[in-house]
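Spelled out from the first residue to the last, the chains are:
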Amino acid sequence: MLPLPPPPPTPDLKKHIHNRISNSLIPWQRSFDFWLRTARIYAGYKVFQVRVSFVKDVHLQEAMWERQHQLAADNIYSLCSDLGGFFLKVAQIIGKPDLAPTAWVRRLVTLCDQAPATPFPTVRLVLENELGLGLDDVFDRFDPQPLGSASIAQVHRARLKGHNTDVVVKVQHPGVEKLMMTDIRNLQAFAYYMQKTDIKFDLYSITKEMEKQIGYEFDFTREADAMHRIRCFLYANNKKSPVLVPRVLKDIVTRRVLVMEYIDGVPILNLGEEIAKRGINPGGKIAAAAKQSSPDETFVGTRIPQCENNIMTLLNVLKCRKILNSLTLAYGQMIFKSGFFHADPHPGNILICKGSEARFLVALLDYGQVKDLPANLRFGYAELVLAMADNDPIGATKSFKDLGIKTLSKCDKNEDQEMLKLAQTMFDTGLPPGVTTLQPFSEGSSLEKFSVEGFPEELFSILRTVHLLRGLSVGLGLNYSCAKQWRPIAEETLHRAGRLKDFYLLLNCIEIFLNCGDSRYRPESSSSKTRILQEIIPQEMMNLGVEKDREHGIF
């Protein structure tokens with residue numbers, strides 16, 4: 001007797017099989033889409049380079065480059081917008097005025113926080129599965145419309161039962177982890193090809209560190225611990241923390257759900273709109289004057305017309321400077337004093353506080369990407385900061401070697417000076433005089449004169465942080481050097497670690513004294529400086545400094 005054929009699959013089973021096959025094919029479809037679009041953009045530039053090489057008129061060349069950048073910007077925008085996920089983070093990295101062509105920036109800046117939101121029924125299901133309770137058992141109210149949606153998660157405003165203040169609930173998009181890791185590996189392959197052919201920079205190591213950092217972002221319990229640790233550090237080391245860090249509700253945290261206090265504020269991306277609502281022109285003469293002054297300077301000898309519009313412009317530009325100062329101070333303390341720092345200061349994570357929290361001025365959000373910097377790199381970067389702040393080419397060259405950054409020079413002359421420019425391009429926010437944008441890979445840049453053949457993965461978070469801060473300052477129309485602002489903190493860090501001897505600190509102080517204008521104190525030799533130090537520094541401290549340094553043949 002023949003066996004009976006198996007029963008036909010039920011409609012539910014058919015749907016289940018179809019969904020499993022479709023889901024298994026999605027990574028392959030995304031990979032094919034990525035390589036097809038990337039090849040089109042890359043080939044477009046290579047063909048264009050041949051065409052433009054036959055044009056001799058410089059102005060015509062510039063116009064042709066602008067059109068090519070605009071065409072590429074549209075294609076890159078479509079790639080990042082359509083694929084979403086990890087490519088939204090790529091847009092955040094490259095879509096900055098100091099790094100990419102202007103046409104790219106104009107197009108990509110609109111992608112911040114524009115990831116498609118997960119439908120509320122799915123959000124509710126994730127919450128109830130993660131918390132083990134019904135939504136109505138935990139929250140008095142829960143806004144189904146998200147405050148914002150990013151590549152990994154979205155956030156909702158809610159209020160817990162028995163509480164009188166609102167909270168923010170961060171919920172991870174289902175299934176996003178697998179897709180993002182596929183995207184990262186595709187980008188790694190492309191980065192490896194680019195560094196072998198077009199860009200002489202160790203891009204592959206950077207993408208490896210990105211893979212590690214983004215892998216951490218899917219664990220919200222780790223993010224909660226990082227947020228709490230940084231909050232405690234900044235609040236313990238300052239009478240008033242330079243930035244506001246949200247308080248975590250540690251009892252309501254899982255791997256895919258994070259609950260924290262709600263902070264009332266305006267995203268820094270909307271700061272210009274807030275100023276414009278008051279009828280203020282941020283590009284006016286008073287704004288320009290304010291941008292050249294420190295927050296504590298007064299405009300002595302400058303006649304400022306006394307009208308409300310000018311005064312409000314001045315106040316708002318000074319507020320922009322204070323925002324940068326607050327962020328720079330917070331990052332200086334995190335990087336050099338602690339070594340554990342928030343590594344994702346893109347504009348979507350910076351909030352201008354208002355209401356009851358306005359005393360803090362600025363809040364720093366999203367602690368999914370944090371970095372615990374090893375001590376040797378922390379001290380090495382501190383030494384590089386001193387070299388950059390002092391425009392010391394020898395010190396910058398030595399610091400690069402100590403940090404493990406391997407370079408191959410193409411310079412005919414002034415190699416140390418070009419190395420200093422490379423260091424400042426990579427690790428400082430300041431722009432040279434007369435320069436409004438700094439594009440590291442443009443023709444004539446320091447990266448054209450050096451190949452960066454080895455770049456420690458651990459340094460990527462610092463590199464990204466500095467470039468995001470530079471992009472923020474350029475976007476606000478301000479030019480400042482984080483190296484100069486971090487110099488005192490870096491010096492203190494090295495001094496506490498015993499890597500900056502007391503004598504050198506005293507010598508640095510006396511250099512300021514020697515340049516104060518008193519003609520009696522203008523010695524050129526080390527022995528003359530020693531005599532002056534002996535006159536103004538207690539003898540026992542001076543002797544200690546000299547004895548330590550005699551061993552090294554300084555005196």
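These numbers were taken from a predicted model, which means no experiment stands behind them. (Residues numbered from 1 in each chain as written. Predicted model: local features only at pLDDT ≥ 70, side-chain atom pairs only at ≥ 80, totals over all residues. Heavy atoms only, no water.)

Some thoughts on the overall build of the protein
The test is simple: What counts as a helix is a DSSP run of H or I of at least four residues, what counts as a strand is a run of E of at least two, and both are numbered from the N terminus. We call a residue buried when its accessible area falls under 20% of the maximum for its residue type, exposed when it is over 50%, and partly exposed in between, using a 1.4 Å probe and counting protein chains only. Pairs of residues are marked as contacts when any of their non-hydrogen atoms sit within 4.5 Å. The Shrake-Rupley method, run with a 1.4 Å probe sphere, supplies the accessible areas, and residue values consider only the shown protein chains as cover.
The secondary structure content of the protein amounts to 21 helices and 13 strands. Split into buried and exposed, the 555 residues of the protein put 49% on the buried side. For the protein, the share of sequence-separated contacts (at least 6 apart) that also reach a separation of at least 24 residues comes to 70%. Accessible surface for the protein amounts to roughly 28,400 Å². Of this, 55% is attributable to carbon and sulfur atoms.

Brief notes about the pairing of strand β6 (residues 257-261)
Put simply, the rule is: The criterion for strand pairing is that DSSP finds at least two bridges linking the strands in question.
Most of β6 is tucked away: 5 of the 5 residues are buried. The pairing of strand β5 (residues 248-253) with β6 spans 2 bridges and is classified as antiparallel. Pairing of V253 across the sheet is with L258, part of β6. Counting the residues between successive antiparallel strands, the hairpin from β5 to β6 contains 3 residues.

Description of the sheet that holds strand β9 (residues 350-353)
Just so we agree on the cut-off: Here an axis means a line fitted to C-alpha atoms, over the contact stretch when the element is a helix, while the angle between two N-to-C directions is reported on a 0 to 180 degree scale.
Pairing is antiparallel across the open sheet formed by 3 strands, whose spatial order is β7-β9-β10. Across the chains shown, the open sheet's two edge strands, defined by having one partner strand only, are β7 (265-267) and β10 (362-364). In this sheet, adjacent strand axes meet at a mean angle of 35 degrees when their direction is disregarded.

Focus: the nonpolar core
In plain terms, the rule: Take the buried residues of types Ala, Val, Leu, Ile, Met, Phe, Trp, Tyr and Cys, join any two whose side-chain atoms come within 4.5 Å, and each joined set is a nonpolar core.
Among the nonpolar cores identified, the biggest contains 115 residues, and Y381, F427, F455 and W486 are the most heavily contacted of them. Y381 has contacts with I335, F336, M388, L403, F427, I462, V466 and W486, leaving out every residue within four places of it along the chain. By size, the runner-up hydrophobic cluster in this structure holds 16 residues, among which are L127, F142, V169 and V171.

Observations regarding the environment of I41
Turning to its location among the elements, I41 is positioned in helix α1 (residues 11-52). With a relative accessible area of 13%, I41 lands in the buried category. Excluding its chain neighbours within four sequence positions, the residues that come into contact with I41 are A72, N75 and I76.

Some thoughts on the environment of L79
Note that L79 resides in helix α2 (residues 58-83). A C-alpha to C-alpha distance of 8.3 Å links L79 and T38, two positions 41 residues apart in sequence. Sequence-distant contacts of L79, that is, excluding residues within four places in its chain, are made with F34, R37, T38, G84 and F87.

Thoughts on the confidence of the model for the protein
Applicable threshold: One confidence number per residue, pLDDT, is output by the predictor and ranges from 0 to 100.
On average, the protein scores 78 in pLDDT, and the residues at 70 or more come to 72%. Residue range residues 278-315 is modelled with pLDDT below 50. Its contacts to residues more than four positions away, or to other chains, number 44 contacts. Scored below 50 in pLDDT, residues 516-555 shows 41 contacts in the model against residues more than four places distant or in partner chains.

Description of the packing of aromatic side chains
Selection rule: Here a Phe, Tyr or Trp ring, Trp counted by its six-membered ring, pairs with any other such ring whose centre lies within 6.5 Å, and the pair is stacked when the planes are under 30 degrees apart, edge-to-face when over 60, and tilted otherwise.
Across all of its chains, the model carries 17 aromatic pairs by this definition. On the basis of an interplanar angle of 75 degrees and a centroid distance of 6.4 Å, the ring pair of Y381 and W486 is categorised as edge-to-face. Of this pair, Y381 sits in helix α13 (residues 375-389) while W486 sits in helix α18 (residues 482-496), and the two are 105 residues apart along the sequence. Here Y381 matches W486 in class, with each residue buried.

Things to note about the packing of helix α7 (residues 176-197) against helix α8 (residues 203-216)
Selection rule: Oblique is the label for any angle not under 35 degrees, not over 145, and not in the 65 to 115 range, which are roughly parallel, roughly antiparallel and roughly perpendicular in turn. Crossing handedness follows the turn of the near helix against the far one: under a right angle anticlockwise gives a left-handed crossing, and clockwise gives a right-handed one.
The geometry of α7 relative to α8 is characterised by a closest axis approach of 8 Å and an angle of 170 degrees between their N-to-C directions. Put simply, α7 runs roughly antiparallel to α8. Note on packing geometry: the crossing formed by α7 with α8 is right-handed. Residues M180, M181, I184, R185, L187, Q188, A191, Y192, M194 and Q195 of α7 form the contact with α8, whose participating residues are L203, Y204, T207, K208, M210, E211 and I214.

With respect to α18
Threshold: Multiplying one less than the number of residues by 1.5 Å gives the expected span of a helix. Polar contacts, as counted here, are pairs of nitrogen or oxygen atoms within 3.5 Å of one another; within protein the pair requires one atom able to donate a hydrogen and one able to accept it, and residues that are adjacent in sequence qualify only if both atoms are side-chain atoms.
The end-to-end C-alpha separation of α18 is 21 Å, in line with the 21 Å expected for 15 residues at 1.5 Å each. Residues of α18 that are buried include every one of C482, A483, W486, R487, I489, A490, E491, T493 and L494, and no others. Its side-chain oxygen at 3.3 Å from the backbone nitrogen of A483, S481 defines the N-terminal cap of α18. In the segment just after α18, G498 is the residue with positive phi, at about 80 degrees.

Side note on the pattern of salt bridges
Rules: A carboxyl oxygen of Asp or Glu within 4 Å of a side-chain nitrogen of Lys or Arg is what we treat as a salt bridge.
For the structure shown, the criterion picks out 33 salt bridges. As a salt-bridge pair, R499 and E383 come within 3.3 Å of each other at their nearest N and O atoms. Highlighted residues: R499 in the loop between α18 and α19 (502-514) and E383 in helix α13, separated in sequence by 116 residues. Through salt bridges with shared partners, a single network forms among R141, R157, R159 and D166.

Considerations on the packing of helix α15 (residues 415-427) against helix α17 (residues 460-475)
Applied cut-off: Each residue is assigned to one class: nonpolar for Ala, Val, Leu, Ile, Met, Phe, Trp, Tyr, Cys and Pro, charged for Asp, Glu, Lys and Arg, and polar for all the others, Gly among them.
Packing of α15 against α17 leaves a shortest axis separation of 8 Å and a crossing angle of 75 degrees. The orientation of α15 with respect to α17, classified from their angle, is roughly perpendicular. Residue-level inspection shows Q424, T425, M426 and F427 of α15 in contact with α17, the latter providing I462, L463, V466, H467 and R470. A class-by-class count of the residues in the contact of α15 with α17 yields 5 nonpolar, 3 polar and 1 charged.

What to know about the side chain of N238
By the secondary structure assignment, N238 is in the loop between α9 (220-236) and β5. A distance of 2.8 Å separates the side chain of N238 from the backbone oxygen of L234, its partner in a polar contact.

Describing helix α14 (residues 393-403)
Buried within α14 we find P393, G395, A396, T397, S399, F400 and L403. The N-cap of α14, judged by a side-chain oxygen 3.2 Å from the amide nitrogen of I394 a few residues on, is D392. Trailing α14 by a residue or two, G404 shows a phi angle of about 85 degrees, which is positive.

A closer look at unusual backbone geometry
Even without glycine at this site, D366 takes up a positive phi of about 65 degrees. Locating D366 in the fold gives a position in the loop between β10 and β11 (370-372). In this structure, N391 takes a positive phi of about 50 degrees despite not being glycine. In this fold, N391 is placed in the loop between α13 and α14. Overall, the relative accessible area of 47% leaves N391 in the partly exposed class.

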